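# Per-entry structural report
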Amino acid sequence: MAGEQLSAAAAGRDAALDWLYGRDEDLERRGIRQTRHGGDGPSVVTTVDWLDDITTLFPKETVERLQRDAVERYEIHDVVTDPAVLARIEPNPTLLKAVLRTKHLMNPDVLLLARRIVEEVVRQLMEKLATEVRHAFSGARSRSASRFKVARNFDIRRTLRANLGRYRPEERKVYVETAYFVSRTRRHLDQWQVILLVDQSGSMTDSVIHSAVTAACLWGLPGVKTHLVAFDTAVVDLTSDVDDPVELLMKVQLGGGTDIAKAVAYGAGLIEQPRRTILALISDLYEGGDSARLVQLVRDVAGQGTKVLCLAALDEAADPAFDREMGARLADVGAAVGAMTPGQLAAFVAEQVGR
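Throughout what follows, the structure given in this document is the object of discussion. (Residues numbered from 1 in each chain as written. Predicted model: local features only at pLDDT ≥ 70, side-chain atom pairs only at ≥ 80, totals over all residues. Heavy atoms only, no water.)

The next point concerns the overall build of the protein chain. Scanning the protein chain for helices and strands turns up 15 helices and 10 strands. Counting every position in the protein chain, which comprises 355 residues, the buried fraction comes to 43%. Pairs at least 24 residues apart make up 76% of the contacts formed inside the protein chain by residues separated by at least 6 positions. (Helix = DSSP H or I, 4+ residues; strand = E, 2+ residues; numbered from the N terminus. Buried < 20%, exposed > 50% of the residue type's maximum accessible area, 1.4 Å probe, protein only. Contact = heavy atoms within 4.5 Å.)

Written out as structure tokens, the structure reads:
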């Protein structure tokens, strides 16, 4: 800095960053900072003070990154377990994940405040995905003409062809005398099942959140019967709470081992009409149980005509991280293996149901 003094704002940002990242033990090993001794430093800054500071010193994106590092990297749990902090904090997806991971540490009063974060973030996700689901299930265009003049069904090609005689080159405009519209076919939604089997291990937090929201959006569609099942080494059927994703997420217990075969066996038992069922296994595919049994179960389910999806991620990033050897084995017996955003899953369901 060539001996220059930091401005008040820059000094504040430096102090806020030091409060968080200064606790990194690697800094001492690298000789970047020395251990402070009692009595020679500033007064202790609480998490509440720090949160108040960063919201005024940094842009929103940086604040969310700092909050994420505080919770995930340095495990400062009072970010989501201290009532004074929860009363101040602005809900965002990072904090939602933190609440789900630490809610077992909260007393009932704190849990009530934390629920506000869950409700707000879920509401935002629901609004976005509901629009995508409505679009996916709105029906495909057909070639037949329609008497109903709806903007989204405007047939621009036929309209231009029919009105080319009224093109005025000097104005570069076509004057439309007659506009044409197309009709839309209706999706055939009868008797389809969508079974979501969701791995609730800690690494799958994003997918758990988006699975709950996706299931809630699919739940309201006529003719689509949705199931949501969470699993680790045990299997919990959460279908009764699908219409309330907030309540559902508050019941999820993240962490623990993984017995995927047990979950697939349970899902197979829910199938009513194999050829009108989509079984989506949302997991990183690291099987803690019987891998041979898992492969055989998927072979049997796919063999009877059920569409089996093995999704290594179901979130906005759709960035897969999974056991590729197991993924290859499941693909060999008839499963489709990959990753999707919730909107892509809704579109896939709509495409299958509409056939």
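Glancing now at the packing of helix H12 (residues 260–270) against helix H13 (residues 291–303). Axes are the key here: two packed helices are described by the angle between their axes and the distance separating the axes. Across the interface, H12 lies against H13 with an axial gap of 8 Å and an inter-helix angle of 25 degrees. Classified by the interaxial angle, the pair formed by H12 and H13 is roughly parallel. With respect to the hand of their crossing, H12 and H13 are arranged in left-handed fashion. Listed contacts from H13 to Ile260, Ala261, Lys262, Val264, Ala265 and Ala268 of H12 are Arg293, Leu294, Leu297, Val298 and Val301. (Axes fitted to C-alpha atoms, helices over the stretch in contact; angles between N-to-C directions. Parallel < 35°, antiparallel > 145°, perpendicular 65-115°, else oblique. Left-handed = near helix turned anticlockwise from the far one by under 90°.)

Another point: the packing of aromatic side chains. Throughout the structure, instances matching the rule amount to two aromatic pairs. Ring centres of Trp19 and Trp50 lie 4.7 Å apart, and the angle between their planes is 25 degrees; this geometry places the pair in the stacked category. A residue pair is termed long-range when its members are at least 10 positions apart, and Trp19 in helix H1 (residues 8–21) and Trp50 in helix H3 (residues 47–57) qualify at 31 residues. A residue is classified by how much of its surface remains accessible, and Trp19, at 18% relative accessible area, is buried. The class of Trp50 is buried, set by a relative accessible area of 1%. For the ring pair Tyr21 and Tyr74, a centre distance of 6.1 Å and an interplane angle of 70 degrees mean the geometry is edge-to-face. One end of the pair, Tyr21, is in helix H1; the other, Tyr74, is in the loop between helix H4 (60–73) and helix H5 (78–81), and 53 residues separate them in sequence. Just above the ring of Trp19 sits the side chain of Arg23; from NZ or CZ to the centre is 4.5 Å. (Phe/Tyr/Trp six-rings, centres within 6.5 Å; stacked < 30°, edge-to-face > 60°. Lys NZ or Arg CZ within 6 Å of the ring centre and 35° of its normal.)

Taken together, six strands build an open sheet; the order of strands is S7-S6-S5-S8-S9-S10 and the sheet is mixed. A strand with exactly one partner marks an edge of an open sheet, and here the two such strands are strand S7 (235–237) and strand S10 (336–340). Between one strand axis and the next, the sheet turns through 25 degrees on average, direction left out of account. Inspection of the sheet shows strand S5 (residues 192–199) paired to strand S6 (residues 224–231) by eight bridges, in the parallel sense. Counted as the bridge partner of Val194 is Thr226 from S6. Where H12 meets the sheet, its contacts fall on S5, S6, S7 and strand S8 (277–282), and the angle it forms with S5 comes to roughly 165 degrees. (Pairing = 2+ DSSP bridges.)

So, about the side chain of Asp284. Mapped onto the secondary structure, Asp284 falls in the loop between S8 and H13. With residues near it in sequence (within four places) discarded, Asp284 still touches Asp199, Ser201, Ser203, Met204, Ala321, Phe322 and Asp323.

Here we take up empty space enclosed by the protein. If a probe as big as a water molecule is rolled over the atoms, it shows which places are left empty. For the structure shown, the criterion picks out two cavities of 30 Å³ or more. Considered as a void within the structure, the largest cavity measures approximately 60 Å³ in volume. Residue lining of the largest cavity: Leu125, Lys128, Leu129, Glu132, His210, Val213, Glu316 and Pro342, and that is the complete set. At the level of secondary structure, the elements contributing two or more residues to the lining of the largest cavity comprise helix H8 (108–136) and helix H10 (205–219). Examining the composition of the lining of the largest cavity, we find that four residues originate from one element, H8, more than from any other. Each residue belonging to the lining of the largest cavity can be placed in one class, and the counts come to four nonpolar, one polar and three charged. (1 Å grid on protein atoms, 1.4 Å probe; cavity = no way out; pocket = protein on both sides within 12 Å on 5 of 7 lines; lining within 4 Å. Points joined across faces, edges and corners; volume = space filled by probe spheres on them. Nonpolar A, V, L, I, M, F, W, Y, C, P; charged D, E, K, R; others polar.)

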